[in-house]
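Structure assessment
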Amino acid sequence: NSSELSPSSFILASIPGLEAAHFWMAILLCSVYILAVTGNCTVLFIVKTEPSLHAPMYFFLCMLAAIDLALSTSTVPRVLSFYWFNTREISFSACLVQMFLIHTLSAIESTVLLAMAVDRYVAICHPLRHAAILTNSATAKIGLLAMARGVVFFLPLPLLLLPLPFCSSRLLSHSFCLHQDVMNLACANTTPSVVYGLTAILLVMGLDAILICLSYILILKAVLRLASWKERLKVFSTCIAHICVVLAFYVPLIGLSVVHRFGKSLAPLVHITMGNIYILVPAVLNPIIYGVRTKQIQRRILNLI
């Protein structure tokens, strides 16, 4: 009697005792979201209008910007409506769609980061073959492959949740829908969903992280074979921006996973904060990092200003 085949809606999490501060929290969140949208749209505009940036590395950067725009836009407006208008309920179907978008876009971003690591490896270790290997056509195919990989691996997540009965408790741990969060509310055996979710994450994000580390081990070996420290620093400095972007993506992802696995007794503030960091930090930092590290982008931004 306390469960149903599919709930009509879920209830988004709020921070107990801080309901009166929702308006100001929304102002802060909205400001960060506007910064993320402005930064990523600027990157897309500059790469599109600057012929010297029509190269694989900057096309991958455009893919990152588009993914960050889609990921933040699929979550933040709904969170803002919750904070401003107290619309805490999200329909079951909308929750599953949002969950699918979050996990799929994260998988696509992870694949693009791996492709950027391979780009750096080829540019440093095989510079004469770089133009022949990473052509514009190959870059476009990698982007399509990243999209297909994300959809194929993470489309089953909402499908596995559809037939499950859910308990009377419909309160989520975040201000948006994540697979593990929704799955924990089910009143049935969730072993297939748990096993598949863990397998998908390990085969996508986990494998990508290992291959990125392997790429940089090979890059370091090539860099250390150079004659002088000045040459080594000059070559390796071309990887600094990508390393920072990788850390901006994987550190919040790992932090959110740890909170879900070991932080059931933590305050709701921790869960909500880690969720917002996971969604917004990469979207805000990526254009800033590449804007600081890329002289062509700096010049174009100054010209626009």
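Under the annotation held in an unreviewed UniProt entry, the protein chain carries the name Olfactory receptor and is attributed to Eurypyga helias. As recorded by UniProt, the Sequence similarities (unreviewed entry) comment attached to the protein chain reads in full: "Belongs to the G-protein coupled receptor 1 family."

**So, the packing of aromatic side chains**
Considering all chains together, one arrives at six aromatic pairs under this definition. Relative to Trp-24, the ring of Phe-23 lies with its centre 5.1 Å away and its plane at 85 degrees, an arrangement referred to as edge-to-face. With a relative accessible area of 42%, Phe-23 lands in the partly exposed category. Every member of this aromatic cluster is reached through a ring pair, and the members are Phe-10, Phe-92 and Phe-166. Across the ring face of Trp-229, the terminal group of Arg-232 is positioned such that the distance to the ring centre comes to 4.7 Å.

**Things to note about helix α6 (residues 136-154)**
Every α-helix carries 3.6 residues per turn, so stepping three or four residues along brings you back to the same face. Relative to the 27 Å expected for 19 residues at 1.5 Å per residue, α6 spans 27 Å between its end C-alpha atoms, a close match to the ideal helical length. Of the positions making up α6, those classed as buried are Thr-139, Gly-143, Ala-146, Arg-149, Gly-150 and Phe-154. Buried residues of α6, viewed axially, fall in a sector of 125 degrees; they line one side. In α6, the exposed positions angled more than 90 degrees off the buried face are occupied by Lys-141, Leu-144, Leu-145 and Val-152.

**Digging into the packing of helix α1 (residues 22-49) against helix α13 (residues 295-304)**
In contact at an axis separation of 10 Å, α1 and α13 are set at 105 degrees when each is read in the N-to-C sense. Between α1 and α13, the crossing angle belongs to the class labelled roughly perpendicular. Between α1, through Thr-42, Phe-45, Ile-46 and Thr-49, and α13, the contact on the second element is made entirely by Ile-297, Arg-300, Ile-301 and Leu-304. Grouping the amino acids of the contact of α1 with α13 by side-chain chemistry returns five nonpolar, two polar and one charged.

**Side note on the UniProt feature "transmembrane region" (unreviewed entry) in the protein chain**
Here, UniProt's "transmembrane region" (unreviewed entry) annotation points to residues 20-46, 58-80, 100-122, 142-166, 194-219, 240-263 and 269-292. As a span, residues 100-122 carries 100% helix and 0% strand, and end to end its C-alpha atoms are 33 Å apart.

**Notes on the nonpolar core**
In a soluble, globular protein the nonpolar side chains are often hidden away together inside. In terms of nonpolar packing, the biggest core is built from 82 residues, with Phe-10, Val-112 and Leu-113 touching the most fellow members. No other element matches helix α4 (residues 92-125), which puts 15 residues into this core. Those residues in contact with Val-112 that lie beyond four places of it in its chain are Phe-60, Met-63, Leu-64, Ile-67 and Ala-146.

What counts as what
- Residues numbered from 1 in each chain as written.
- Predicted model: local features only at pLDDT ≥ 70, side-chain atom pairs only at ≥ 80, totals over all residues.
- Heavy atoms only, no water.
- UniProt positions renumbered as here; feature names shortened; annotations may be inferred.
- Phe/Tyr/Trp six-rings, centres within 6.5 Å; stacked < 30°, edge-to-face > 60°.
- Buried < 20%, exposed > 50% of the residue type's maximum accessible area, 1.4 Å probe, protein only.
- Lys NZ or Arg CZ within 6 Å of the ring centre and 35° of its normal.
- Helix = DSSP H or I, 4+ residues; strand = E, 2+ residues; numbered from the N terminus.
- Expected span 1.5 Å × (residues − 1).
- Arc of directions from axis to C-beta.
- Axes fitted to C-alpha atoms, helices over the stretch in contact; angles between N-to-C directions.
- Parallel < 35°, antiparallel > 145°, perpendicular 65-115°, else oblique.
- Contact = heavy atoms within 4.5 Å.
- Nonpolar A, V, L, I, M, F, W, Y, C, P; charged D, E, K, R; others polar.
- Core = buried A, V, L, I, M, F, W, Y, C linked by side-chain atoms within 4.5 Å.

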